[in-house]
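Residues per chain are reported as follows:
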Amino acid sequence: DWTPDQFIEATVAELQQKIGNDKVVLGLSGGVDSSVAAMLIHQAIGKNLYCIFVDNGLLRKDEFESVLDSYKHMGLNVKGVDAKDRFYAALAGISDPELKRKAIGRVFIEVFDDEAHQVEDVKWLAQGTIYPDVIESISVKGPSATIKSHHNVGGLPDFMKLKVVEPLNTLFKDEVRLVGRTLKIDENIIGRHPFPGPGLAIRILGDITAEKVQVLQQVDHIFISNLKKTGLYDEVWQAGAILTPVQSVGVMGDERTYENVVALRAVTSVDGMTADWCRLPYEFLADVSNEIINKVKGVNRVVYDISSKPPATIEWE
Ligand code: XMP
């Protein structure tokens, strides 16, 4: 029978054999798969694994700093790259969801290629591809798919000519988590909800600005930290907030306000293919709504998304 310990032992030996003294680059996303892939390869080759963690300016509040910190504590050789402005510049004025995804994918490739070039004589590109990604290779989702759809734009970036190593490509998600826990990776990383590669860009309807990102980060942070505080986080498969361009009238003291509506979304699911909205307790929703409206400037109304997938998707874009 499959056990995480056996898998780790066999895979580390195999990686050492395959990679030898070569250098490897890997893009960390903060998610489970890339983190577990990195720790496995780190066990095999140590400092010859060069991890790159890009801040695209579309992550959750404080996420870049806190996750980078966890990676450093795990002993990984990781470089954090602040590329926020490059992403915001590429996204300026774009409202179409697919064009946002394309812009983000393109800039990610540029930034990653720049960084990979700084690793002298690198031979391998490591990826956290898991088995469902392999069988679903025609998927239009996920960072690897984003990379694929850019294959033919002006030739391959150099890092894509590297030999590829994908140590998790026979595993399902729950097995990846078991391996991660056995490798003592922070529960904060292993137990985290899925988060889309394009990040908050597809939760801001309309065009993206740094200011809108900041508003949504505050809203999202209130929602997620309350889920954690009340123990509901682990019962939810994925949760997040959406900043809509709809403005509505409100009152604040004697003043009339005209500000944005945000939507909260929380779903249960097994694999994201189908999903149902979570029956979160009314009291919980009341507290989160009050906190958001009291604390976040520019938001005066909160709604809860009660649509299941299908037909509604989990993300709004
Ligand atoms: P939907 O919205 O299609 O989402 O019901 C299903 C799952 O996929 C995630 N998602 C993405 N992940 N790049 C990603 O890496 C994307 O462009 C993307 N779009 C959606 C979504 O967060 C959910 O977990």
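It should be emphasised that the depicted structure is a prediction, and the values quoted were computed from it without experimental measurement. Throughout, residues of each chain are indexed from 1 in the direction in which the sequence is written. Predicted model: local features are reported for residues with pLDDT of at least 70 only, side-chain atom pairs are reported and counted for 80 or more only, and whole-chain, interface and lining totals are derived from all residues.

I tried to follow the nonpolar core on my own but got confused; where do I start?
A general trend in soluble globular proteins is that nonpolar side chains are found buried together. Core membership is restricted to buried Ala, Val, Leu, Ile, Met, Phe, Trp, Tyr and Cys residues, and these are joined into a nonpolar core through C-beta atoms within 7 Å. The burial label depends on the number of other C-beta atoms within 10 Å of a residue's C-beta. Counts of 20 or more mean buried, 12 or fewer mean exposed, and intermediate counts mean partly exposed, with C-beta atoms placed from the backbone. Counting residues in hydrophobic clusters, the biggest one holds 78 residues, and the most contacted among them are Val24, Leu26, Val36, Ala38, Ile41, Cys51 and Val219. Take this core: its biggest share by element is 9 residues, from helix H2 (residues 32-45). Residue assignment places this core across two domains, with domain 1 (4-190) and domain 2 (209-304) each supplying three or more. Here, residues touch in the contact sense if the C-beta positions derived from the backbone fall within 7 Å of one another. The residues touching isoleucine 41, leaving out its near neighbours within four places in the chain, are Leu15, Val24, Leu26, Leu49, Ala126 and Pro167. Numbered from the N terminus, helices here are DSSP runs of H or I no shorter than four residues, and strands are runs of E no shorter than two. Here the bounds of each domain stem from an automatic or database domain assignment.

Help me out: how do you make sense of the domain arrangement of the protein in this one?
The extent of an interface is frequently quoted as the accessible surface area lost upon association of the parts. The domains assigned to the protein are domain 1 (4-190) and domain 2 (209-304). Centre-to-centre, using C-alpha coordinates, domain 1 lies 29 Å away from domain 2. Each partner contributes residues to the interface: domain 1 has 5 residues there, and domain 2 has 6 residues. Here the nonpolar group is Ala, Val, Leu, Ile, Met, Phe, Trp, Tyr, Cys and Pro; Asp, Glu, Lys and Arg are the charged ones; every other residue, Gly included, is treated as polar. By residue class, the composition of the side of domain 1 that touches domain 2 is 2 nonpolar, 1 polar and 2 charged.

How should I be thinking about helix H5 (residues 97-117) in this particular structure?
An α-helical turn contains 3.6 residues, so any two residues separated by three or four positions project in the same direction. Helix length check: H5, at 21 residues, gives a terminal C-alpha distance of 30 Å against a target of 30 Å (1.5 Å per residue), a fit within 8%. Buried within H5 are the following residues: Lys100, Arg101, Ala103, Ile104, Gly105, Phe108, Val111, Phe112 and Ala116. Residue count minus one, scaled by 1.5 Å, sets the expected span of a helix.

What's the story with unusual backbone geometry in this structure? I'm lost.
Backbone torsion omega between lysine 309 and proline 310 reads -10 degrees, so that peptide bond is classified as cis. Secondary-structure assignment places proline 310 in the segment after strand S9 (299-304). That bond from proline 310 to proline 311 is cis: its omega, 5 degrees, falls within 30 degrees of zero. Considering the arrangement of structural elements, one finds proline 311 in the segment after S9. In the Ramachandran plot, aspartate 62 falls in the positive-phi region, its phi being about 60 degrees despite a non-glycine side chain. Examined against the element boundaries, aspartate 62 turns out to sit in the loop between strand S2 (49-55) and helix H3 (63-73).

Would you mind going over the sheet that holds strand S5 (residues 163-165) with me for this structure?
Within a sheet, each strand pairs with its neighbour through backbone hydrogen bonds, oriented either parallel or antiparallel. Strands qualify as paired when DSSP identifies two bridges or more between them. Taken together, the 5 strands give an open sheet; going across it, the order is S3-S2-S1-S4-S5, and neighbouring strands pair in parallel fashion. Edge strands, defined here as strands with exactly one partner in the open sheet, are strand S3 (78-82) and S5. Between one strand axis and the next, the sheet turns through 30 degrees on average, direction left out of account. As judged from the 4 bridges shared by strand S1 (residues 23-28) and strand S4 (residues 122-126), these two strands associate in the parallel manner. Each residue of the ladder has a partner; that of valine 25, found in S4, is leucine 125. Axis definition: a line fitted to C-alpha atoms, limited for helices to the stretch in contact. Angles are taken between N-to-C directions and run from 0 to 180 degrees.

What should I look at first to understand H2 in this one?
With 14 residues, H2 should cover 20 Å at 1.5 Å per step; its first-to-last C-alpha distance of 20 Å lies within 8% of that length. Buried residues dominate H2, accounting for 13 of its 14 residues. Positive backbone phi, at 55 degrees, marks glycine 46, one or two positions downstream of H2.

Whenever I open this one, the UniProt feature "binding site: ATP" (unreviewed entry) in the protein confuses me. Can you help?
UniProt positions are given in the numbering used here, feature names are shortened, and annotations may be inferred rather than shown by experiment. The feature "binding site: ATP" (unreviewed entry), as annotated in UniProt, sits at Ser29, Gly30, Gly31, Val32, Asp33, Ser34 and Ser35 in this numbering. Glycine 31 gets classed as partly exposed once you count the C-beta atoms within 10 Å, which come to 18. When you line up the elements, serine 34 lands in helix H2. In contact with serine 34, other than residues within four places in its own chain, are Leu26, Gly27, Leu28, Ser29 and Gly128.

Quick question: what am I supposed to make of the pairing of S3 here?
Across 5 bridges, the pairing between S2 and S3 is parallel. For valine 54, the partnering residue across the bridge sits in S3 and is valine 81. Place the viewer so that the strands point away; then a crossover is right-handed whenever the path from the first strand over the helix to the second strand goes clockwise. Taking the sense of rotation as the criterion, the β-α-β connection linking S2, H3 and S3 turns out right-handed.

Just checking my understanding: could you explain the packing of helix H10 (residues 210-229) against helix H11 (residues 282-295) for this structure?
Between H10 and H11, the shortest axis-to-axis distance is 10 Å and the interhelical angle comes to 150 degrees. With respect to their mutual orientation, H10 and H11 come out roughly antiparallel. Here H10 and H11 pass one another in a crossing that is right-handed. Residue-level contacts link Gln218, Val219, Ile222, Phe223 and Asn226 of H10 to Phe284, Asp287, Val288, Glu291, Ile292 and Lys295 of H11. Of the residues belonging to the contact of H10 with H11, the class tally is 6 nonpolar, 2 polar and 3 charged. Note that the term roughly parallel is reserved for angles under 35 degrees, roughly antiparallel for angles over 145, roughly perpendicular for angles of 65 to 115, and oblique for everything else. A clockwise turn of the near helix away from the far one marks a right-handed crossing, whereas an anticlockwise turn of less than a right angle marks a left-handed crossing.

What am I meant to see in the environment of serine 248 here?
With respect to the helices and strands, serine 248 occurs in strand S6 (residues 238-252). For serine 248, a count of 13 C-beta atoms within 10 Å translates into the label partly exposed. Along the sequence, serine 248 and glutamate 259 sit 11 residues apart, while their C-alpha atoms lie 5.7 Å from each other.

Would you mind going over the environment of glutamine 217 with me for this structure?
Examined against the element boundaries, glutamine 217 turns out to sit in helix H10. Using a count of 20 C-beta atoms within 10 Å as the deciding quantity, one classes glutamine 217 as buried. Linking glutamine 217 and isoleucine 202, residues 15 residues apart in sequence, is a C-alpha distance of 13 Å. If near-sequence neighbours (up to four positions away) are discounted, glutamine 217 is found in contact with Arg60 and Lys61.

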